[in-house]
Amino acid sequence: MQHQPEYMLGVDIGTTSTKAVLFTTQGQVVAQHAVEYPLLCTTPGMAEQDPLQIYDAVLSAIKNAVGNAAAKNGVEAAQIKLVSFSAAMHSVIAVGQDGALLSNSITWGDNRAGAWANRIRDELGGHEIYLRTGTPIHPMSPLCKIMWLRHDQPQLFARTARFVGVKEYVLYRLFGEWLVDHSIASATGMFNLQQLDWDQGALELLGIGPQQLSTLVPTTHQLSGLAPAMAQQLGLAPATPFVIGANDGVLSNLGVNAIGPGQVAVTIGTSGAMRTVIDKPLTDPSGRTFCYALTAKHWVVGGPTNNGGSIFHWVRDELATAEAAAAKAAGLDPYDALTKIAEGVSAGAEGLLFHPYLAGERAPLWNADARGSYFGLATHHGKPHMIRAALEGVIFSLYSILPAVEDLIGPTTHMMATGGFARSPLWRQMMADIFEREVVVPESVESSCLGAAVLGLYALGKVDSLEVIGGMVGSTHRHVPIAENVALYRRLWPIYAAIPKQLEQQYRQLSQFQRETAAAPS
């Protein structure tokens, strides 16, 4: 009797969309589907999403990925052996006693807790909380968001029975339990990395108890008992095990096979991050890096940047509308057209630097008040220089995280690049030149989904080690540094790095001015 192939479904609940990818147990993509949802930004600093839209997107993504696999490949429900989750970090949703929504999902990009982040860091023992929890004190952190809700929205705070993240809400709707994995919890600023429990000092600061947060479970925790009607709607067998999974950052490292010593994953999606895996939790005495859980034996340290692909989007919409429109009219991808323009300018954009802090900055500055700027503008600079400088600025911003990471773990060698930017040969080469090392792009573009699926295999005991991922991830592109470009970037880097340190006071003054004038009636 011929053995039927088996499949695994990885689901990534992201900032802009939810993706569901069905893989064979050897890691080959069989079917996938993505559903987008909007970001709500109606007041200064606000970045919220509707949890109901996200829940519906999760159901739709799973249903369509499974349905496509059934229609095109004859995959049957019984052949899908697991569903495992990845999710974006730092979201906060206020819910009532009956699980009813009292707020939208406040995302990582929401900066309204900025003043409280500053106060926690400067006056309320924030650094000690960071050293215990591994989440830098910043408005992205649920710790800071809940503090802001307590003081700025006291009526909502008083009515809230529980503060949860978006994955917790989705799984509650599916299984009726409030559960949070150690990985998502480790990104809240409220989880003690050594004790693997909610941090008493953080909760006392917020005036909440552990009963107002979800029950902590390992990333390998399994859920079962999907309602038959829901299973039928999704195209799954009711007995299909669901694995709670981890956060999208740590799973991206797993999904590109960057889990060995000295291996670094650099991702640029809407935002960006640099991460490496170690075997025990570790925080930075200077507070520059995060530390998040993957499994009990795998911990991820690194740093995120707020400004990744969003910068290229801004360039397209604000600086190069005519060029983007012409490309679209010609049936070309506007980003490809703008990249071609940038290629016409030499490395270093003839001395034009761009600091991409349009949404503040996280690592290594951890300054929500930081603001973007072009530095060095001269009469010989034109739009092509501005486009190239913007792309280089994103890579410089990521490169600025490297010293903090290497101070903690020692030299890094192997670099894997993922995310939408990895489709651009120019950006890939910029990374190789600025980082001065070979950059490899893995074959799997949906690294968080693959990481979730492999973690699911590990959770179910179908594989003995996460290192099985090595046989699933090929490479598509390799770039080595170009010597003359390296020399130019070496000269520019000290200038680039010095500027934000000199402007902290001005950043704060200007961001305060922007908040006041944006809020003032016209």
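Look a little higher up for the structure.
Residues numbered from 1 in each chain as written. Predicted model: local features only at pLDDT ≥ 70, side-chain atom pairs only at ≥ 80, totals over all residues. Heavy atoms only, no water.

> Kindly report on the nonpolar core, identifying the contributing residues and their values.
Within the largest apolar cluster, 82 residues are counted, with the highest numbers of intra-cluster contacts made by M8, M431 and F435. With nine residues, the top contributor of residues to this core is helix α14 (residues 383–399). Those residues within four positions of F435 in sequence are excluded, and the remaining contacts are M274, I395, L398, Y399, L402 and M415. Membership of the second largest hydrophobic core comes to 81 residues, among which are A61, F191, I208 and W299. (Core = buried A, V, L, I, M, F, W, Y, C linked by side-chain atoms within 4.5 Å. Buried < 20%, exposed > 50% of the residue type's maximum accessible area, 1.4 Å probe, protein only. Helix = DSSP H or I, 4+ residues; strand = E, 2+ residues; numbered from the N terminus. Contact = heavy atoms within 4.5 Å.)

> Lay out the environment of T25 in plain terms, naming residues and giving numbers.
Inspection of the secondary structure puts T25 in the loop between β2 (17–24) and β3 (29–36). Those residues in contact with T25, other than ones at most four positions away along the chain, are E6, Y7, M8, L457 and M472.

> I'd like a rundown of helix α18 (residues 483–502), residues and numbers included.
The terminal C-alpha atoms of α18 lie 30 Å apart, and with 20 residues this matches the ideal 28 Å at 1.5 Å per residue to within 8%. Among the residues of α18, those classed as buried are N485, V486, Y489, L492, W493, Y496, I499 and P500. (Expected span 1.5 Å × (residues − 1).)

> Run through the side chain of S17, naming residues and quoting values.
On the secondary structure map, S17 appears in strand β2. Overall, the relative accessible area of 6% leaves S17 in the buried class.

> Before we move on, can you summarise the sheet that holds strand β15 (residues 263–268) with the specific residues and values?
Read from one edge of the open sheet, seven strands run β17-β18-β16-β15-β21-β22-β23, paired in mixed fashion. Edge positions in the sheet fall to β17 (290–295) and β23 (475–479), since each of these pairs with one other strand and no more. Between one strand axis and the next, the sheet turns through 25° on average, direction left out of account. When β15 meets strand β21 (residues 414–418), the two strands line up parallel, connected through five bridges. Looking across to β21, one finds that T267 is bridged to T418. (Pairing = 2+ DSSP bridges. Axes fitted to C-alpha atoms, helices over the stretch in contact; angles between N-to-C directions.)

> Got a sec to walk through the pattern of salt bridges? Specific residues and values, please.
If you walk through the whole model with that rule in mind, you get 17 salt bridges. Taking the shortest distance from any N to any O, the salt bridge between D110 and R112 comes out at 2.6 Å. Between R490 and E436 there is a salt bridge whose closest N-O contact spans 2.7 Å. With R490 in helix α18 and E436 in the loop between α16 (425–435) and β22 (439–442), the pair connects residues that are 54 residues apart, well separated along the chain. For R490, a relative accessible area of 53% corresponds to the exposed category. (Salt bridge = Lys/Arg side-chain N within 4 Å of Asp/Glu carboxyl O.)

> Hey, could you go over the state of the cysteines for me, with residue numbers and the actual values?
Scanning all chains against the criterion turns up zero disulfides. Take C41: it sits in no disulfide, and the sulfur closest to it among the cysteines is that of C144, at 19 Å. Here C291 stays unpaired: no disulfide links it, and the sulfur of C144, its closest cysteine neighbor, is 18 Å away. According to the relative accessible area criterion, C291 is buried, its value standing at 0%. (Disulfide = S-S within 2.5 Å.)

> How would you explain the pairing of β22 if you had to name every residue and give the values?
Of the two faces of β22, both are covered, the one formed by V439 and V441 as well as the one formed by V440 and P442. Once you follow β21 into α16 and on to β22, the crossover reads as right-handed. With four bridges joining them, β22 and β23 adopt antiparallel strand pairing. For P442, the partnering residue across the bridge sits in β23 and is S475. (Right-handed = clockwise from strand over helix to strand, strands pointing away.)

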